[in-house]
Amino acid sequence: MTRRRTLAVGLEILVPVLLLFGWQLYTVHAHSFKFPRLSTILVDFKKEWLFAHVGSDLVPSLERIGAGFAIATLVGIALGVLLGMSTVLRRIATPHIEYWRAMPPPALLPISIILLHSIQNRQKVAFIAFFCVFPVLLNTIDAVRGIDPTLIDTARSYRVPWQQRVWRIVLPSALPQIVAGMRNSLALAVIMMVLSEYFSSSSGVGYQLLISKNTFQFGPMWAAIVLIGLLGYLLNALFLLIERRLLAWHRGWRAATPQ
Amino acid sequence: MLAPDALAPAAPATRVRLSTRGIALPTLSVAASLALWELISRTNTISQHDLPAMSTSFRALWHLMETGAFWLAFLRTVRGWALGLLIAAALAVPIGIVLGSFELAARAFRVPIEFLRPIPSAVLIPVLFLTLGTNIRSEIFLATFGAFWPLLVQTMYGVRDVDPVALDTGRSFGLSRLERLVRITLPSSVPYIATGVRIASTVSLILAFTAELFMGIPGLGQKVNVVSSFGETDKVFAYAIAVGFLGLAIHLVFSGLERRALRWHPSQRRGTA
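Residues numbered from 1 in each chain as written. Chains lettered and ligands numbered in written order. Predicted model: local features only at pLDDT ≥ 70, side-chain atom pairs only at ≥ 80, totals over all residues.

Enquirer: Which residues make up the overall build of chain B, and what values go with them?
Expert: Along its length, chain B carries 11 helices and 0 strands. In sequence order, chain B lays out its α and β elements as α-α-α-α-α-α-α-α-α-α-α. Going through the 273 residues of chain B one by one, you find that 41% of them count as buried. Partitioning the intrachain contacts of chain B with sequence separation of at least 6 by distance along the chain shows that 75% fall at a separation of at least 24. (Helix = DSSP H or I, 4+ residues; strand = E, 2+ residues; numbered from the N terminus. Buried ≥ 20, exposed ≤ 12 C-beta atoms within 10 Å, placed from the backbone. Contact = placed C-beta atoms within 7 Å.)

Here you go:
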């Protein structure tokens, strides 16, 4: 059993290393200007992103992700609690939610620019927020509907006012699923950031990706791709860390109560 | 073991019930919002140049739908979507079965999968410009790449979640590895795969459309790009409406399929623990 575990851990480290090594080996021998050596990409990464373009491009992109994600989370939770608790409101909202969540986001890129007269932060944040609402919203509705009705009824018969009911019962019970929705939203926010910046912008990581491609600077282009990959990965990891803290009580409770 | 948080299986689609009793309210709500759109535009609350009236947009859509060019673009987008989804399924389901069945294989590819999966597929667009070029192959590649990951993860989860008692029973009845796979593992992972297919079907459409919009590959995405650069706002809205309905149709069809796939599953049957 321990030998098996060592083998598993060994493979877990060995395979990625081999893949990276294979990439380097291939690019060294291919001599293709489109596929620079892995080592060249890393050098370009250092030149571009440590820390020449951080202030001018990485920070604006992060701000857009942050603002869009924050708005989406607040709107998603508020609307989700409302729709989760009221059947009438849910009936009214369902056709709209179903239509807009199935809309391929890039179809609204030109419209967002026309309506907001902007390719700056206003349009980027609005675009990111609009599409990031849906994972939070749908998860919140689902979670609120799934709350044990006995809890709500008990609170009601004790005449707990509705603000207290929402704050003390509905939100805490729904939190684990809301957080799961937020994590999907965050991943989506990175994608929406890249799409909107790649479509039209004057700064940002997506913008750097576009101009390095258009000016045939393939080293910096790959460096930008690596950066966006890292960004998605790190934001997810960071969120998991926060989630673990935020939901520590939930895990403890789940572990203590047999399901 | 994979970290449970990193590759959590997606929840099945929430069911939208539309009973005859409940249909009046949604209908009214749609009608009201369409009327509001018309009003905002006609009263120039938002300039008609920026927000064409609802009637103008739908008229533009109607005129587009009378042209063959619209339907050709429509079919091209559907083709990119369908091929992307099919190829992704053909790759992801077998690979998912292998990775789900063999712990060591899953461990070996855990890091590459966890790193590649969250990469926004859109970053591949510049690479595709350089390699496959601005044609259908790039579109299919992008759609396949996007649709691959949810299918892979769901399949892996489905295979892992097979009841070990059922597998042991199969083994003691002398079923071979292949028979156990076909008779026990695959049927019990169908609901997971169905959820994966539902998610992948949406992702595939988004990426087929994205490839067309950003790379100028013929299809609805390219049309949107052309009309928006000519400033034909009513047509921009008309195409967006059309794409929205295509997305909605795909979503509804695949949620329906998912529910069918779930229906026979013990977890969905009433009266069983």
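The structure having been displayed, the exposition proceeds.
Enquirer: Any details on helix H2 (residues 38–49) of chain A? Residues and values, ideally.
Expert: Note on helix geometry: an α-helix contains 3.6 residues per turn, so any two residues three or four positions apart are oriented the same way. All names here are of chain A. Compared with the 16 Å implied by 1.5 Å per residue over 12 residues, the 16 Å span of H2 between its first and last C-alpha is a close match. Where H2 is concerned, the buried positions are Ile41, Asp44, Glu48 and Trp49. Relative to the axis of H2, the buried residues are bounded by an arc of 100° and lie together on one face. Opposite its buried face, H2 presents the exposed residues Ser39 and Lys46, each directed more than 90 degrees away. The secondary structure elements touched by the buried residues of H2 are helix H3 (54–85) and helix H10 (218–246). (Expected span 1.5 Å × (residues − 1). Arc of directions from axis to C-beta.)

Enquirer: Before we move on, can you summarise the interface of chain B and chain A with the specific residues and values?
Expert: The interface is formed by 48 residues belonging to chain B together with 45 residues belonging to chain A. Of all the secondary structure elements, the ones that give two or more residues to the side of chain B that touches chain A are helix H1 (24–42), helix H4 (103–108), helix H5 (110–116), helix H6 (124–130), helix H9 (177–215), helix H10 (220–229) and helix H11 (233–263) of chain B. With 9 residues, H11 of chain B is the largest single contributor of residues to the side of chain B that touches chain A. Considered class by class, the residues forming the side of chain B that touches chain A number 30 nonpolar, 13 polar and 5 charged. (Nonpolar A, V, L, I, M, F, W, Y, C, P; charged D, E, K, R; others polar.)

Enquirer: Got a sec to walk through helix H8 (residues 162–199) of chain A? Specific residues and values, please.
Expert: With 38 residues, H8 of chain A should cover 56 Å at 1.5 Å per step; its first-to-last C-alpha distance of 45 Å lies more than 12% under that length. At leucine 175 of chain A, H8 of chain A shows its maximal bend, which comes to roughly 55°, and the proline proline 176 of chain A appears one to four places after that position. (Bend = angle between axes of the 7 residues up to and from the residue.)

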